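Here is how the chains run, residue by residue.
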Amino acid sequence: MIKATVYVTIKQSVLDPQGNAVQGALHSMGFNAVEKVRIGKYLELMLKTTDRTEAETQVRAMCEKLLANTVIEDYRFELEGA
């Protein structure tokens, strides 16, 4: 089995209103050192394969087709095991 860890983040050129709201809340709580917040997604996938090339191909396809909106989001992933 191979574990894939996927990180999906909003592209730098896209506004992040959720991140701005979190930043504002942190400031109101006294955490004024926070200069910028960007919100993203973290996913862990366990794949029934020991072939790293196959796993990489599958995870890339999953990201492109479902896990990330590639118009406004970037993604990266790491593979562990096998």
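Coordinates for the structure precede this section.
Keep in mind that what you see is a predicted model, and the values were worked out from it rather than measured. (Residues numbered from 1 in each chain as written. Predicted model: local features only at pLDDT ≥ 70, side-chain atom pairs only at ≥ 80, totals over all residues. Heavy atoms only, no water.)

Draft legend 1. Quick look at the environment of Val6. Among the secondary structure elements, Val6 is positioned in strand S1 (residues 2-10). Between the alpha carbons of Val6 and Pro17 there is a distance of 22 Å; along the sequence they are 11 residues apart. Val6 has contacts with Lys41, Tyr42, Leu43, Leu45, Val59, Cys63, Arg76 and Phe77, leaving out every residue within four places of it along the chain. (Helix = DSSP H or I, 4+ residues; strand = E, 2+ residues; numbered from the N terminus. Contact = heavy atoms within 4.5 Å.)

Draft legend 2. Layout of the side chain of Thr5. In this fold, Thr5 is placed in strand S1. For Thr5, a relative accessible area of 3% puts it in the buried group. With residues up to four places along the chain from it excluded, the contact list for Thr5 reads Tyr42, Leu43, Arg76, Phe77, Glu78 and Glu80. (Buried < 20%, exposed > 50% of the residue type's maximum accessible area, 1.4 Å probe, protein only.)

Draft legend 3. Spotlight on the pattern of salt bridges. What the rule picks out here adds up to four salt bridges. When the shortest N-O distance is used, the salt bridge between Glu73 and Lys41 registers 3.8 Å. With Glu73 in strand S3 (residues 73-80) and Lys41 in strand S2 (residues 40-47), the pair connects residues that are 32 residues apart, well separated along the chain. Among the salt bridges present, the one from Glu56 reaches Arg60, with a minimum N-O distance of 3.3 Å. In this pair, Glu56 and Arg60 are both assigned in helix H2 (residues 52-67), four residues apart and thus about one turn of the helix distant. (Salt bridge = Lys/Arg side-chain N within 4 Å of Asp/Glu carboxyl O.)

Draft legend 4. The pairing of S1, seen in detail. Note: S1 against S2, eight bridges, orientation antiparallel. Paired with Ala4 across the strands is Leu45, a residue of S2. (Pairing = 2+ DSSP bridges.)

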